[in-house]
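Observations on the three-dimensional arrangement
If you want the building blocks of each chain, they are given just below.
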Amino acid sequence: MLLHCTNIEKSYKTKGNNVLHVLKNISMAIAESSYIALQGASGAGKSTLLHILGGLDAPDSGIVNYNDGSQDYDLYNLGDNELANFRNRNIGFIFQFHHLLPEFSALENVMLPKLIAGESQKKAQAEAYDLMELTGIADRGHHRPNELSGGEQQRVAIARALIQQPKILLADEPTGNLDEANTIKFLELLSKLRIEYNLTCLIATHSSLVAQYAETIINMKDGKIIE
């Protein structure tokens, strides 16, 4: 298995020192090259689980383990720098609100993971441009995010997520701000890129349309996997 997690628990304190149990004893396994939709209503715990699987937010208890084909990694036993490097090399993220840096051009946003990893600017720029061609956004490379449509921003986010050729792509409500036509374009593009990059995909969504494109649907409710 590329990824498995065991007995994941996560809680947050609310006002008045009440405790909100967001994830309750979650265990799951994800095989390499699989395409899984994590489906459930808002508040089911999908985003929190995705953030924990992606190394963005530590669980209160439980294990997240990756195998890159040669070595096992217990994600939350890594040091901060080791974890950041692992994320940069192995995990691609797409979010509902894109999180593109407004002061940089589309091309510069796509380049960033390569530059953070120590790649030369020339090589990072060439690889970013190739990916932007593949995602159909190369002619918008020198535009800043606020000059792009929602669909164009999402394509920039896809290119940025893939530039390090990650093992797994984690997408959190990636079509939440897109209309149906752009949602279908996004899903068709993702299906194409999955084959191109031999990607493993885990998409958190409340959309039945998005879930239809997945090979497997995992349903969540009240912080638990129910199916």
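Below is a summary of the structure that appears in this document. Counting of residues starts from 1 at the beginning of each chain's written sequence and follows it residue by residue. The model is predicted, so local features are restricted to residues of pLDDT at least 70 and side-chain atom pairs to those at 80 or more, both for listing and for counting; the totals for chains, interfaces and linings are taken over all residues. To obtain the side-chain values, all non-hydrogen atoms of the structure were included, while hydrogens and water were left out.

**Focus: the overall build of the protein chain**
From N to C terminus, the protein chain includes 7 helices and 10 strands. Atoms considered for the radius of gyration are the C-alpha atoms alone. The globule rule reads 2.2 Å times the number of residues to the power 0.38. Whereas a compact globule of 227 residues would reach a radius of gyration of roughly 17 Å, the protein chain reaches 17 Å, a difference of no more than 12%. Seen through its principal axes, the protein chain has C-alpha atoms that stretch 50 × 40 × 40 Å. For the exposure calls, accessible area comes from a 1.4 Å probe over protein chains only, and a residue counts as buried if that area is under 20% of its type's maximum, exposed if over 50%, partly exposed in between. Residues counted as buried form 47% of the 227 residues belonging to the protein chain. Residue contacts follow a heavy-atom distance rule, with two residues in contact if any of their heavy atoms lie within 4.5 Å. Here the analysis covers contacts within the protein chain between residues at least 6 apart in sequence; of these, 69% occur between residues at least 24 apart. Here the accessible surface of atoms and residues is derived via Shrake-Rupley with a 1.4 Å probe, and residues count as covered only by protein chains that are part of the display. Carbon and sulfur atoms make up 46% of the accessible area of the protein chain, which amounts to about 11,200 Å² in all. Considering the protein chain, the positive charge centre built from 20 side chains and the negative charge centre built from 27 side chains are found 3 Å apart. Labels follow the DSSP assignment, with helices taken as runs of H or I lasting at least four residues and strands as runs of E lasting at least two, numbered in each case from the N terminus. Charge assignment in this entry is limited to Lys and Arg as positive and Asp and Glu as negative, and neither His nor the chain termini are counted. Note on charges: their place is set at NZ of Lys, CZ of Arg, CG of Asp or CD of Glu.

**Regarding the sheet that holds strand β2 (residues 19-30)**
One open sheet holds the 4 strands; their spatial order is β2-β1-β4-β5, and the pairing between them is antiparallel. At either margin of the open sheet sits one strand with a lone partner, and together these are β2 and β5 (72-74). Direction aside, neighbouring strands of the sheet carry axes that sit 25° apart on average. Relative to strand β4 (residues 61-67), strand β1 (residues 3-13) runs antiparallel, the two sharing 5 bridges. Paired with L3 across the strands is Y66, a residue of β4. Axis definition: a line fit to C-alpha positions, over the contact stretch in the case of helices; interaxial angles, taken between N-to-C directions, run 0 to 180 degrees. Sitting on the sheet, helix α1 (residues 46-53) touches β1, β2 and β4, and the angle it makes with β2 is about 55°. Two strands qualify as a pair provided DSSP detects at least 2 bridges between them.

**Some thoughts on the nonpolar core**
Each nonpolar core is a collection of buried residues, namely Ala, Val, Leu, Ile, Met, Phe, Trp, Tyr and Cys, held together in the definition by side-chain atoms within 4.5 Å. If you look at the biggest cluster of nonpolar residues, it comprises 36 residues, and the most contacted ones within it are I94, M132 and L169. Leaving out residues up to four positions away in the same chain, L169 has contacts with G92, F93, I94, A161, L162, L190, L199, T200, C201 and L202. With 32 residues, the next largest nonpolar core counts I36, L53, I168 and L202 among its residues.

**Looking at α1**
For α1, the tally of buried residues reaches 6 of 8 residues, placing the bulk of the element in the interior. In the stretch just after α1, G55 is the one whose phi turns positive, near 75°.

**Some remarks on the side chain of N65**
Structurally, the position occupied by N65 is in strand β4. Classification of N65 as buried rests on a relative accessible area of 14%.

**Examining helix α6 (residues 180-197)**
To estimate the expected span of a helix, count its residues, drop one, and scale the result by 1.5 Å. For α6, which comprises 18 residues, the first-to-last C-alpha distance of 25 Å matches the rise-based estimate of 26 Å (1.5 Å per residue) to within 8%. Two residues or fewer past α6, N198 is found with a positive phi of approximately 50°.

**Considering the packing of helix α3 (residues 106-116) against helix α5 (residues 150-162)**
For the pair α3 and α5, interaxial distance at closest approach is 7 Å and the crossing angle is 25°. When the interaxial angle is binned, α3 and α5 end up roughly parallel. As for how α3 packs across α5, the hand of that crossing is right-handed. On α5, the residues that touch A106, N109, V110 and P113 of α3 are V156, A159 and R160. Classification used: nonpolar for Ala, Val, Leu, Ile, Met, Phe, Trp, Tyr, Cys and Pro, charged for Asp, Glu, Lys and Arg, polar for all others including Gly. Partitioning the contact of α3 with α5 into residue classes produces 5 nonpolar, 1 polar and 1 charged. When an angle is under 35 degrees it counts as roughly parallel; over 145 it counts as roughly antiparallel; between 65 and 115 it counts as roughly perpendicular; any other value is oblique. Handedness of a crossing is defined here by the sense of rotation of the near helix relative to the far one, left-handed for an anticlockwise turn of less than a right angle and right-handed for a clockwise turn.

**Overview of the environment of Q71**
Assignment of secondary structure puts Q71 in the loop between β4 and β5. Taking relative accessible area as the criterion, Q71 reaches 41% and is therefore assigned partly exposed. Spatially, the C-alpha atoms of Q71 and L20 are 35 Å apart, while their sequence positions differ by 51 residues. Among the polar contacts listed, one links the side chain of Q71 to the side chain of Y73, at a separation of 3.3 Å. Polar contact is defined as a pair of N or O atoms within 3.5 Å, subject to the rule that within protein one atom must be able to donate a hydrogen and the other to accept it, and that residues adjacent in sequence are counted only when both atoms are side-chain atoms.

**Some words on unusual backbone geometry**
The backbone of Q165 sits at a positive phi, close to 50°, despite the residue not being glycine. Owing to a relative accessible area of 58%, Q165 belongs among the exposed residues under this scheme. Of note in the backbone geometry, E173 takes a positive phi value of approximately 45° without being a glycine. Secondary-structure assignment places E173 in the loop between β7 (168-172) and α6. A relative accessible area of 9% places E173 in the buried class.

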